[in-house]
Structures are given as C-alpha cells and as structure tokens.
Amino acid sequence: MEDKAASKSNWYEIKQNNKIGFALMFFCLKILPPVVLRFLAFPIGFFYWLCSKQARFFSNQFFRHAGKKGSSCKHVISFAINLVEDMQAWAGKFSFKNVQWQDDDVHDLVQNINNGRGTVLVISHLGNVQMLKGLASFGESGTERRMSITTISNMNISAGFYSILNKINADSSFHVISSKDIGLQTIILLQERLEKGEVVVIAGDRVSEYSNRTIRLPFFGADAPFPYGVFLLLSLLNVPSYFVFGLRHRDISLSSRYDMFVKKNPIDFDCPRKERENRIAQTAQTYVAELESHCREHMYQWYNFFDFWGES
C-alpha cells in the first residue's frame, strides 16, 4: 500500500510546474501529426505512473470509494491523453465534428447564447471541457454568435498552462481571472461581461485555497468538500447556469470522440435573501449528483489526483 502519510491533503498543496512540459508538448504538436502525439501519451503516461507514488495512491483511493477494482496505470494514461487533447483543441487541431451533443438542455444553452444572454457554465475535472473552450476560441461551438469566455482559475497552478495557450492562440476571445481576486470588483466585472452576452466558466469540484468555506456533500458514499464560493457566485450573478460535462466515448483511444452533456441548473435565485442559502445548497446538491452520475460511467476520466475526500 502507498504511504498515506506522505500524501498531500489539498490539490493546491501539490507542487505543479508544468510550463516546460506544456511548452514541449506544444512544440511536438507543431512538428508531429496529432495522432503521433496521442500515441506518445501512452509511454509518457506510463512513465509518470511509474514515478508518481502520489498519482497511484490517489487513483486507488478513488477506485476504493467508487467500489470498483480499477487500474491506476490506465487512469494516468487516460489523463495523459486528456492533456494532448487540450493542446490539440487550443492549437486548432481538434475538429468540432468529433463532438456529439445530447438531446438535453444544450438547446436551451445555445438559444441563450444566440440571443446574447449571459450564462455561467459550471464544469469539473471529469472528462475534458477544456477542449470545448479551445474549440470555442476558434469560433467552433455550434452557436450563431462567437463565444467570449471568461474562466475563473487558480493561477498559482494554471499560470504555465494559460501562458502556453496565449502563445498558441493569441487572438482568442478568452479571458482568465484568478480565483484569489474574487471580490466585489470582480463580481461587478463579471456582471458587466454577462450583460454583454458573454460566458463565465468555473469548476465546481475543487475547493479554493483562498477560502476555507465548503459544502460537504455525499460523493460515492462519503462526504466530500465542495467549494461553497462557486455556488454563492451563481446566486450573486443570477443568470442562467448550466452543468457541462465533456466525456470521451472510450477512456483510452487514439482517435477520440466526445459526448457533451448539458444540464440546466433548475434553481433560480430570484428569492428573498433568507431563502438564498437553501437554494445555494440545493444547487450544489444537484451539481454533485450530476457529477457522480457521469463519473460512474467514465471513472477513468476522473482527473482529481489528490485527497478529494480529505482523509489524510
């Protein structure tokens, strides 16, 4: 068994400095056919799995909670393929034809965007919605209007990744706000962008290092912490919000096709202030239930390699 005492409790405590790795991947993507880089994801993923006790430990922790016997090696290789697809999308080498939308709330989402109504998308680290943002940066989103996206992210972790993205596609209508900067002025800025019909994207499955307030909800049979601030933000912005999941048809594949799932948040926040907390909790519960449902179908596409339940 892996040394649990050596593991880190929070995802933001795990040192991640991937700027060189992303730069190398982008360089390879420029000189090699995408299928070759996807093939290289297999030995690279295997090497990382072999060297990373932490990745093996938290992968096995996840499968224990899920009540499944899974392969941590396959899990890490799936993640390596996911990173390649990220770069492909941002480099314009991933076709929108590979994305299959479902007969769900995507019709409502597209109509809102076409009508110029601001929307918030709550994503996760299950599957790959980053790929959809990359497609949207090239105007490939299935909408009549070009989507202008603002994403909220932890820049201590993601700065290297986003700096490479800017080099890949400097003309994209894509903006990043650091989660540490969220405050009154930032909320006003987001409201202004939403009034212009823009889209705000935020992940709902990772607790911020800048806020210790969480909502603990059942996830695979045990309470796990989810970020209260994400669902509070939905209540403050008070525009249509959707839970979006992009999931590969096959967990391991050299030629991936994606299913995109969209669920509209059924909870609105046109309510008295005293009712707001209850609706925030209901929204979080709906999101987590949707996340677990998709996760059960695609466990190898769960890319949270840290102590998600806070057991360490």
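For the structure itself, look to the data block above.
To keep things clear, this report deals only with the structure shown in the data block. Note that the coordinates shown come from a computational prediction; the quantities given were computed from them, not determined experimentally. (Residues numbered from 1 in each chain as written. Predicted model: local features only at pLDDT ≥ 70, side-chain atom pairs only at ≥ 80, totals over all residues. Heavy atoms only, no water.)

### Looking at the overall build of the chain
For the chain, the count of helices and strands is 10 helices and 9 strands. The proportion of buried residues among the 312 residues of the chain is 54%. (Helix = DSSP H or I, 4+ residues; strand = E, 2+ residues; numbered from the N terminus. Buried < 20%, exposed > 50% of the residue type's maximum accessible area, 1.4 Å probe, protein only.)

### With respect to the pattern of salt bridges
Under the definition given, this model contains 7 salt bridges. Two residues, R213 and E277, come together in a salt bridge whose shortest N-O distance is 3.9 Å. On the criterion of sequence distance, the pair formed by R213 in the loop between strand 5 (199–203) and strand 6 (214–219) and E277 in helix 10 (residues 273–297) is long-range, its members being 64 residues apart. On the basis of relative accessible area, R213 is assigned to the partly exposed category, the value being 45%. E277 sits in the partly exposed class, given a relative accessible area of 36%. (Salt bridge = Lys/Arg side-chain N within 4 Å of Asp/Glu carboxyl O.)

### Quick look at the pairing of strand 3 (residues 149–153)
For strand 3, the tally of buried residues reaches 5 of 5 residues, placing the bulk of the element in the interior. Every second residue of strand 3 is oriented toward a common face, with I149, T151 and S153 on one face and T150 and I152 on the other, all of them buried. When strand 3 meets strand 5, the two strands line up parallel, connected through 4 bridges. Along strand 5, the bridge assignment pairs T151 with V201. (Pairing = 2+ DSSP bridges.)

### A word on the environment of A281
Among the secondary structure elements, A281 is positioned in helix 10. For A281, a relative accessible area of 24% corresponds to the partly exposed category. For the pair A281 and R216, spaced 65 residues apart in sequence, the C-alpha to C-alpha distance is 10.0 Å.

### A look at the environment of Y303
Turning to its location among the elements, Y303 is positioned in the segment after helix 10. In this structure, the C-alpha to C-alpha distance between Y303 and V76, residues 227 residues apart in sequence, is 8.4 Å. Ignoring anything within four residues of it in the chain, the contact list for Y303 reads H75, S78, F79, N82, H125, G127, R206 and R248. Here the side chain of Y303 touches R248 through a polar contact of 3.3 Å, side chain to side chain. (Contact = heavy atoms within 4.5 Å. Polar contact = N/O pair within 3.5 Å; in protein donor to acceptor, adjacent residues only side chain to side chain.)

### Remarks on the pairing of strand 7 (residues 222–227)
Pairing of strand 6 with strand 7, which is carried by 6 bridges, proceeds in the antiparallel orientation. Bridged to P218 within strand 7 is D223. Here strand 6 hands over to strand 7 after 2 residues, with F220 in that stretch at a positive phi of 55°.

### With respect to the packing of helix 2 (residues 34–51) against helix 4 (residues 72–90)
Viewed as axis vectors pointing N to C, helix 2 and helix 4 meet at an angle of 140°, and their least axial separation amounts to 8 Å. As helix 2 packs across helix 4, the resulting crossing turns out to be right-handed. On the side of helix 2, the interface is formed by P34, L37, R38, A41, F42, G45, F46, Y48 and W49, while helix 4 contributes S72, C73, V76, I77, A80, I81, V84, E85 and Q88. Classifying every residue of the contact of helix 2 with helix 4 by side-chain character gives 13 nonpolar, 3 polar and 2 charged. (Axes fitted to C-alpha atoms, helices over the stretch in contact; angles between N-to-C directions. Left-handed = near helix turned anticlockwise from the far one by under 90°. Nonpolar A, V, L, I, M, F, W, Y, C, P; charged D, E, K, R; others polar.)

### Regarding helix 10
A rise of 1.5 Å per residue sets the reference length of helix 10, with its 25 residues, at 36 Å; its end C-alpha atoms lie 37 Å apart and thus fit the reference within 8%. Where helix 10 is concerned, the buried positions are R279, I280, T283, A284, T286, Y287, V288, L291, E292, H294 and C295. (Expected span 1.5 Å × (residues − 1).)

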